[in-house]
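So you can see what is in the structure, the chains are spelled out below.
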Amino acid sequence: MRIRIVEIRTRTSGKKVRLERDLDVEALHVGRGPDNDLSLRGLTISLRHATIRSSDGRVSIEAAAGQTVAINGRVTAGDRLAVGDRIKLGAFELRLLEPVRGFDVALEYEEIERGDDERRALDLRTKIGIEHGIFSRRPLSWALGLAVLAVFFAIPLLFGGAQSSWNSGDVSRGHAYIESDCGACHTGFFRGVRNADCMACHHDIGRHAPPALAMAELDEAACASCHLEHRGRDIDLADLGSGFCSECHADLAARLPETTLRDASDFGTDHPAFKLSVIKDPTRPAESLDVTPELVEETGLVFDHLHHVGRAVSGRAVSGGSGEKQYLQCGACHQPDAGGLYMKPIEFERHCQDCHRLDFDPAVPPTFTPHGDPAVVRARIRGLYSERVLAGDVKDPAAPPRLRLRRPGSVLTPEEAELSRRWVQSKVDAAERRFYDRPGTCATCHALRPGEASDGGMGVAPVQLQTVWVPGSTFSHASHAPFACVKCHPAAGVFDPDPETALARPGWSQPDAIPYGLIDRDGRTPTSERSADILIPSIETCRECHAGAGERGGERVPSPCSMCHPFHVRAHGPMPGSPALDGSPSGVPDATPDAVPDGPADRAPAQAARFVPLRSAS
Amino acid sequence: MIGPRSFLEYARYRYLKVSLVLLLASMAIYLVEDPPGGRSGSSWTGYGLGTLAALMIVWLMWLGLRKRSYRDVGAPLQGWTSAHVYLGTSLLLLVPLHCAFEFGVNVHTLAYALMCGVIATGIVGVGVYALVPTSITRNRNNTTLDALLERIAEIDADCRVAAENLPDLHAKAVITSIEETRIGGSLTAQLAGRDPACGTTRALRSLRGSEIDLQGDARLQELKLIELVARKELLVNQIRRDVRLKGLLDLWLVLHVPLAFATVAALLVHVFVVFWYH
């Protein structure tokens, strides 16, 4: 086999040269070893890699055992070759050419993969430095920064609903229901929550001081400057700490000379004794008075606790008619109002009538008069007997026979009319005598004033009872319900053993406590034997359980000012900026007793107007 | 390279003292003020400390930028680094004082959390700067990375020559050693400091385990090849240790800087939301 081999070599200048040599061999051995007919450098080429043969004009290549060649990119162990085929062997490419005359085979080869610079190849396989692609400072900075802006700014801004990430903290429990609606309070950009935003709901929130004092720094302050939201569910927005109040109230007199309030900075250590709203004249509003041992009230009513609570009374009414003697509980008369703050006013019909019946004629079935103006009572009694006459229903044996035997419906003759008038008057007189003379009726509780009634007859002295003694505070009986009444009102619960019945001491009695205003004058157990006694406890009684706001860890209740004194007082009118000021009815200053109650005089007409119809026990 | 002791102790701990004074003053103001409604980020103290902290963050980032530019450095580089480290760390307490220790699941606390990440990576950075440079110097042993790579390239070339007339097993081992030896690579590969599948190690194992009984020149040639590949393995592992140490030196910074930018982004949202909804 004659074969022409052409090597194409590239000079360093880049110029290609052809080097021809001719061989006459049985077969052309190709490999890395120097003993090959065609020896090619490169460790990827086997020592004896392949053999090229030619027989009958057909050229073929055959790889040695375990080796392969790539013919025109196809990897094979051996195959026939055609002119133009390219055989890839290591870094070399062998190309089969059309043989020239006198040759069986023509082969051209060239090193097509340049013998790489080892260092360059090493550098290509070497990757040093941890910052690559996104994982390098600059791209990562942009990515993280933009991600934060997108997730926590752009998306909430565009889609609103995701604004929970902007919520700096849970809102207080009272506002929790609008927590997801930011716009409920934050009505505009970059202007904060304005007072009008708060007052859209809290429209009747009151001023702190009367408008006349013009305390703009309080009444026109931003709500949000004191009531800080978003600090947790259980934060009390109204609790600003006593320090807030004492900023002004510790030396209020110096700041506000016209004030009548006394300085206070801490309930436990710096709080004046209570001033009480005391009735000194039942026809006039109560007066706010300092408490002295001599202070008494003058209500116009004769009443004492000892006879009602401290001594056993007939249980006829109390126990449902059993008649056994027993002690009256405080709650028999003193019942908290629906709000639990104060006691309901004492009313004859509700609290007295069961025992003190206003019956006036034992001869007829039990008949009661209404309680109230004696002139009205007289007119009612007179009317009642007159009806009997007209109805021909006079059964009184002392009545004139002509009245007793009258036919119902007939017209009274002048004579009969005169008889009737006298008889009715005698009955009215008899009824009045019962009321004024018999124990347990009018004169027991009321001072009689002959000739002072509106009809010129017997009248009673005016009466006014106090229910709100400390109007400046929001004391709540309901929140003190676990304690016996006598814990704070000891003089009302003095026990006077009943020798007749030998009843056991009631559980609520507390004979050795010192009551307010009755400081153990004679070394005896104090008690209330007069209606003039004031049984409202002193601040010392409160301090047995209540400490100043700053006290922590003690057994007493830390008591901030706001526990008893509301900052916003509706009676002073609504805060400026309230939509209520636009003329809605709720803007009218509201003097309900749960704000600052007005004097009892304002309530007296309501009590007097209450009408309880005459009733007959059937 | 700045020695860590030098910048931590700079000017007799001047910036440590500055930071401590700043923190003590902030704590005093925080404890003294008892605003209505209790302490919070929106009290005057809260606004004041928040503004201070925000300005410090911006300034510290500028410092970070500043201390990398070696030209035109107004103050000594150590001073900038010292201030950066101490004032930055003080934010860890300054910011909780600003918000009166109120945290929640929201963008405001996210800003603080990201800032904590920045500070934590920064503290790691200080530790890394204290330990790693010495190790790098010791590992390099008075040479450079480039020189080491150059020597490996030379060995590779020598191996090709040495294996030229040796059996295919040897040729294949050399090819493996050259082409399948990777230095560095992925983050984990760089930080690992070694490669269990290293081509050089496999080539060495294959050569040493060869059962081909060579004689004469071929045997000498084989021994020379084994020595070359063994030397290459030592060099490759030396470079891998170097890569690992440099990776450690850079890793904290790759987290530190992007976290700082994320902190600023969260801070911007925080400030916007706070003033929008103040």
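Residues numbered from 1 in each chain as written. Chains lettered and ligands numbered in written order. Predicted model: local features only at pLDDT ≥ 70, side-chain atom pairs only at ≥ 80, totals over all residues. Heavy atoms only, no water.

A word on the overall build of chain B
Helix and strand counts for chain B stand at ten helices and one strand. Across chain B, helices and strands are ordered from the amino to the carboxyl terminus as α-α-α-α-α-α-α-β-α-α-α. Taking all 278 residues of chain B together, the buried fraction comes to 48%. Counting contacts in chain B only where the partners sit at least 6 residues apart, residues at least 24 apart contribute 77% of the total. Working note: accessible area of chain B is about 13800 Å², and carbon and sulfur atoms make up 63% of it. (Helix = DSSP H or I, 4+ residues; strand = E, 2+ residues; numbered from the N terminus. Buried < 20%, exposed > 50% of the residue type's maximum accessible area, 1.4 Å probe, protein only. Contact = heavy atoms within 4.5 Å. Areas by Shrake-Rupley, 256 points an atom, 1.4 Å probe, with all protein chains shown as cover.)

A few points about the packing of helix α10 (residues 374–390) of chain A against helix α12 (residues 414–437) of chain A
Two measures define how a pair of helices packs: the angle their axes make with one another and the distance between the axes. Residues and elements named next belong to chain A. Running from N to C, α10 and α12 cross one another at 135 degrees; their axes reach a closest spacing of 9 Å. With respect to each other, α10 and α12 are oriented oblique. Judged by the sense of rotation from one axis to the other, the crossing of α10 with α12 is right-handed. Contacts between α10 and α12 involve P374, V377, R378, I381, R382, Y385, S386 and V389 from the former and S420, W423, V424, Q425, K427, V428, A431, E432, F435 and Y436 from the latter. Counted by class, the contact of α10 with α12 contains eleven nonpolar, three polar and four charged residues. (Axes fitted to C-alpha atoms, helices over the stretch in contact; angles between N-to-C directions. Parallel < 35°, antiparallel > 145°, perpendicular 65-115°, else oblique. Left-handed = near helix turned anticlockwise from the far one by under 90°. Nonpolar A, V, L, I, M, F, W, Y, C, P; charged D, E, K, R; others polar.)

Let's talk about the nonpolar core
Judged by nonpolar contacts, the single largest core of 32 residues is most densely connected at B:I152, B:C159, B:V174, B:I183, B:L225, B:V229 and B:I239. Looking at this core, the elements with two or more residues in it are α6 (145–163), α7 (168–179), α9 (199–208) and α10 (216–276) of chain B. Each residue touching B:I152, except ones within four places of it in the same chain, is listed here: A:L122, B:I183, B:K232, B:L235, B:V236 and B:I239. (Core = buried A, V, L, I, M, F, W, Y, C linked by side-chain atoms within 4.5 Å.)

Description of the side chain of A:S136
Following the sequence through the fold, A:S136 ends up in the loop between β13 (126–127) and α2 (137–159). On the basis of relative accessible area, A:S136 is assigned to the buried category, the value being 12%. Once you skip the residues sitting within four places of it in the chain, A:S136 turns out to touch A:E131 and B:V254.

Some words on the sheet that holds strand β10 (residues 86–89) of chain A
Residues and elements named next belong to chain A. In spatial order, the strands read β2-β1-β12-β11-β10-β7-β8; together these seven strands make up an open sheet with mixed pairing. Two strands lie at the open edges of the sheet, namely β2 (16–24) and β8 (74–76), each paired on one side alone. The average undirected angle you get between the axes of adjacent strands in this sheet is 25 degrees. As paired elements, strand β7 (residues 69–71) and β8 share three bridges and run antiparallel to each other. Residue A70 lies in a different strand from β8, and its bridge partner there is V75. (Pairing = 2+ DSSP bridges.)

Here's the deal with α9(B)
All names here are of chain B. Regarding α9, the residues found buried are G199, T200, A203, L204 and L207. Projected onto a plane normal to the axis of α9, the buried residues spread over an arc of 135 degrees and lie on a single side. Opposite the buried face of α9, by more than 90 degrees, sit the exposed residues R205 and R208. If you follow the buried residues of α9, they end up packed against α7 and α10. (Arc of directions from axis to C-beta.)

Some words on the sheet that holds strand β9 (residues 78–81) of chain A
Strand pairing in a sheet relies on backbone hydrogen bonds. The paired strands run either parallel or antiparallel. Residues and elements named next belong to chain A. Here we have five strands laid out as an open sheet, ordered β4-β3-β5-β6-β9, and mixed in their pairing. The sheet is open, and its two edges are formed by β4 (38–39) and β9, each paired on a single side. Two elements, strand β6 (residues 58–63) and β9, share four bridges in a ladder whose sense is antiparallel. Looking across to β9, one finds that V59 is bridged to L81.

Some details on a nonpolar patch on the surface
A contiguous nonpolar surface patch, about 510 Å² in accessible area, is contributed by A:V151, A:I155, A:L157, A:L158 and A:F159. One can find A:L157 in helix α2. (Patch = residues over 30% accessible without salt bridge, like charges linked within 9 Å, V, L, I, M, F, W, Y side chains within 5 Å. Salt bridge = Lys/Arg side-chain N within 4 Å of Asp/Glu carboxyl O.)

Comments concerning the state of the cysteines
All names here are of chain A. The final tally for this structure, using the stated rule, is zero disulfides over all chains. In this structure C248 is a free cysteine whose sulfur lies 8.9 Å from that of C245, the closest cysteine sulfur available. Judged by relative accessible area, C248 falls into the partly exposed class, the value being 23%. (Disulfide = S-S within 2.5 Å.)

Section: the confidence of the model for chain A
Residue and element names in this part refer to chain A. Summarising the model, chain A shows a mean pLDDT of 80, and 84% of its residues fall at 70 or more. Element-level pLDDT for chain A is lowest in helix α16 (residues 600–609), with a mean of 34, against a maximum mean of 94 in strand β3 (residues 28–31). Predicted confidence for residues 508–525 stays below pLDDT 50, and this span has 42 contacts to residues more than four positions away or in other chains. Scored below 50 in pLDDT, residues 583–618 shows 54 contacts in the model against residues more than four places distant or in partner chains. (pLDDT = per-residue confidence, 0-100.)

A look at the interface of chain A and chain B
Counting residues at the interface gives 55 residues for chain A and 61 residues for chain B. Of all residues in chain A, the largest losses of buried area upon contact with chain B belong to A:L43, A:R125 and A:I130, amounting jointly to 16% of the total for that side. Linking chain A to chain B there are five salt bridges. Between B:E150 and A:R119 there is a salt bridge, and its shortest N-O distance comes to 2.8 Å. Run the count over chain A and chain B and you get 19 residue pairs in polar contact (both at pLDDT 80 or more). Looking at which element gives the most residues to the side of chain A that touches chain B, the answer is α2(A), with ten residues. (Buried area = accessible area lost by both parts, 1.4 Å probe. Polar contact = N/O pair within 3.5 Å; in protein donor to acceptor, adjacent residues only side chain to side chain.)

Notes on the pattern of salt bridges
Residues and elements named next belong to chain A. Inspection of every chain in the model, using the stated rule, returns 44 salt bridges over all chains. A salt bridge links R4 to D22, with the shortest nitrogen-to-oxygen separation between them at 3.0 Å. With R4 in strand β1 (residues 2–10) and D22 in strand β2, the pair connects residues that are 18 residues apart, well separated along the chain. When its relative accessible area of 39% is taken as the criterion, D22 is described as partly exposed. The shortest N-O distance in the salt bridge between E110 and K16 comes to 2.9 Å. Pair noted here: E110 is in strand β12 (residues 105–111) and K16 is in strand β2, with a separation of 94 residues, a long-range link. In this structure E110 comes out as buried when scored by relative accessible area, which is 8%.

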